[in-house]
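Letter by letter, the chains look like this.
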Amino acid sequence: MTENGDTTPLVVLEGVNKHFGSLHVLRDIDLTISRGEVLVVIGPSGGGKSTLCRAINRLETVDGGTITFDGRPLPAEGKALARLRSEVGMVFQSFNLFAHKTILENVTLGPVKVRGVARAQAEQRGMELLERVGIGSQASKYPAQLSGGQQQRVAIARALAMDPKMILFDEPTSALDPEMVQEVLDVMVGLARDGMTMMVVTHEMGFARRAANRVVFMAEGQIVEENTPDAFFTAPRTDRAKDFLSKILTH
Amino acid sequence: MEALIEEFPVIRDAFWLTIRLTLASGLAALILGTLLAAMRVSPLPILRGIGTVYVNAIRNIPLTLVIVFCGLGLGVVLNVSFSDSLSTNSMWLSIIGLSAYTAAFVCESIRAGINTVPMGQAEAARAIGLTFAQNLRLIVLPQAFRAVIAPLGSILIALTKNTTIAAAIGVGEASLTMKTLFEAHGDAVVPIFFGFALGFLVLTLPIGLLFGWLAKRMAVAR
């Protein structure tokens, strides 16, 4: 089922709804993510982008509709849910590296504790991944000793260490100083080129144009428009998207 | 002053018992308190309920009542026995009472520590597939403990002084021994009092310093 060349979709959302109290944050979301696809989700804040992203590994529960991952409905809780999460990488806006663990320990914890990989083997793989994201020389430091951009690259390595079937990026560059955004985007573009399935909530138009297969525009909890990056940014079809783009592209 | 010197072996033995009560109860309270804190943050309502009821009941009963219950209720009525020696049995019964009481405070301290750990830490742990128990054990509790080292030190100091309540069921720790010596040396009450007070300071002041130092050294940089 999961061999390369598998054409079944990796993630399927059907009629997904979610409320926060009286706020209807996800409205009848239908969305399919194919294997190897890089999907960018953009839209105004409060539009439900992050909630959508977090619903896919069930960090947020949904009130209605179904979400399937790799052909199976998301488990509700327990060991099955933990196993699903181990197959879906997640990169957060605020990095969330384990503050009391070294950089290398951050990357090896999942493989050792969740997958039962031998420590030596996990450390070797962890070092390879840290080299890949350009942090190899900082492996024995603690997260607070690294810059935001470095921490976010470690967070990507931590996700990769689990050999995930896909990685969710929840505004990965929004908390970074401007000069550090590019180093993180470069790593993400590299992942996209290597065929990783990615869902990326971001406002980085450059990344969307360089790496995305598809852009989904969300507002008020709905998917308002979806298209290829070029078509979306040059010729948005809906007024809502035109209005949004005019606000972020003018400067 | 001669009385203090003359009775030094008795005083030394009394403080040695105080130290043993403190260490045994402290260790047991740390383990029980951690379990209670885990229960109070668990996703299972029944465990949360048990933890809440325990803490609110035990924390609000005077320690003297808890100790007397352990001595009479457990020891005499329920016949809980650890040893044929009356004094050893009383010691263990008082350790049960001190541990049960102190655990409630340890639990609340650790729970406060858990609240200092940012939500994102637990979320990131869940996102790589750690179970609730692994998350607590590997990510949340280690950071929570480091945040509450200083308050745990205060609890240990309070426990050291609270061991004197074991006197209520005849455990011959420092305070009961002091009273006994008062009776034997009516002319040396003040020196004996200062001797025992100094003994407690020698125990408790280093605890405060040690835990303050540990708290700084072990702090998690964010």
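A brief report on the enclosed structure follows.

Rules used throughout
Residues numbered from 1 in each chain as written. Chains lettered and ligands numbered in written order. Predicted model: local features only at pLDDT ≥ 70, side-chain atom pairs only at ≥ 80, totals over all residues. Heavy atoms only, no water. Helix = DSSP H or I, 4+ residues; strand = E, 2+ residues; numbered from the N terminus. Rg over C-alpha atoms; globule rule 2.2 N^0.38 Å. Buried < 20%, exposed > 50% of the residue type's maximum accessible area, 1.4 Å probe, protein only. Contact = heavy atoms within 4.5 Å. Areas by Shrake-Rupley, 256 points an atom, 1.4 Å probe, with all protein chains shown as cover. Lys, Arg positive; Asp, Glu negative; His and termini not counted. Charge placed at Lys NZ, Arg CZ, Asp CG, Glu CD. Axes fitted to C-alpha atoms, helices over the stretch in contact; angles between N-to-C directions. Parallel < 35°, antiparallel > 145°, perpendicular 65-115°, else oblique. Left-handed = near helix turned anticlockwise from the far one by under 90°. Pairing = 2+ DSSP bridges. 1 Å grid on protein atoms, 1.4 Å probe; cavity = no way out; pocket = protein on both sides within 12 Å on 5 of 7 lines; lining within 4 Å. Points joined across faces, edges and corners; volume = space filled by probe spheres on them. Core = buried A, V, L, I, M, F, W, Y, C linked by side-chain atoms within 4.5 Å. Polar contact = N/O pair within 3.5 Å; in protein donor to acceptor, adjacent residues only side chain to side chain. Disulfide = S-S within 2.5 Å.

## Describing the overall build of chain A
When its secondary structure is counted, chain A shows nine helices and ten strands. Computed over its C-alpha atoms, the radius of gyration of chain A comes to 18 Å, within 12% of the 18 Å expected for a compact globule of 251 residues. In chain A, which comprises 251 residues, the proportion classed as buried is 55%. Partitioning the contacts of chain A with sequence separation of at least 6, the portion at a separation of at least 24 is 67%. As displayed, chain A has an accessible area near 10800 Å², and 47% of this comes from carbon and sulfur atoms. Taking the 28 positively charged and 30 negatively charged side chains of chain A as two groups, their mean positions are separated by 4 Å.

## Regarding the packing of helix α4 (residues 63-77) of chain B against helix α5 (residues 86-116) of chain B
All names here are of chain B. Relative orientation of the contacting elements α4 and α5 amounts to 140 degrees, with a least axis distance of 9 Å. In terms of orientation, α4 lies oblique with respect to α5. Here the hand of the crossing between α4 and α5 comes out right-handed. For the pair α4 and α5, contact is made by Leu63, Val66, Ile67, Cys70, Gly71, Leu74 and Gly75 and by Leu93, Ser94, Ile96, Gly97, Leu98 and Tyr101, respectively.

## Details of the sheet that holds strand β7 (residues 166-170) of chain A
In sheet architecture, strand pairing relies on hydrogen bonds along the backbone and comes in two forms, parallel and antiparallel. Residues and elements named next belong to chain A. Spatially, β6-β7-β8-β3-β9-β10 is the arrangement adopted by the six strands of the open sheet, whose pairing is mixed. Strand pairing shows two members of the sheet lacking a second neighbour, β6 (88-91) and β10 (222-227), which therefore form its edges. Across this sheet, the average inter-strand angle for adjacent strands is 20 degrees, counted without regard to direction. Examined bridge by bridge, strand β3 (residues 38-42) and strand β8 (residues 197-201) share four bridges and lie parallel to one another. Of the residues in β8, the one forming a bridge with Val38 is Met198. Sitting on the sheet, helix α9 (residues 239-249) is in contact with β3, β9 (214-219) and β10, with an inclination near 95 degrees to β9.

## So, empty space enclosed by the protein
All chains considered together, the criterion is met by one cavity of 30 Å³ or more. For the largest cavity, the calculated volume is near 70 Å³. Put simply, the parts of the chain that give the lining of the largest cavity at least two residues each are α2 (78-87), β6 and α5 (148-160) of chain A together with α6 (119-127) of chain B.

## Quick notes on the nonpolar core
Residue and element names in this part refer to chain A. By size, the foremost hydrophobic cluster in this structure holds 50 residues, and its most contacted members are Ile42, Leu130, Ile156, Phe169, Met188, Met198 and Phe207. The leading source of residues in this core is helix α6 (residues 178-193), at nine residues. Discounting chain neighbours no more than four positions away, the residues touching Phe169 are Cys53, Val91, Ile156, Met188, Leu191, Met198, Met199, Val200 and Val201. Counting 39 residues, the second-largest nonpolar core is a separate cluster that includes Val16, Ile29, Leu31 and Val88.

## A closer look at the environment of Thr163(B)
Residues and elements named next belong to chain B. Mapping Thr163 onto the fold places it in the loop between α8 (149-162) and α9 (174-184). Considering only alpha carbons, one finds Thr163 and Arg20, 143 residues apart in sequence, at a separation of 9.7 Å. When sequence neighbours within four positions are dropped, the list of residues in contact with Thr163 reads Thr18, Leu21, Thr22, Leu98 and Glu173. A polar contact of 2.6 Å, which involves the side chain of Thr163, links it to the backbone oxygen of Thr160.

## A word on the state of the cysteines
All names here are of chain B. Per the counting criterion, the structure on display carries zero disulfides over all chains. You can see Cys70 has no disulfide; the closest cysteine sulfur is in Cys107, sitting 18 Å from it. Note on Cys107: relative accessible area 0%, which makes it buried.

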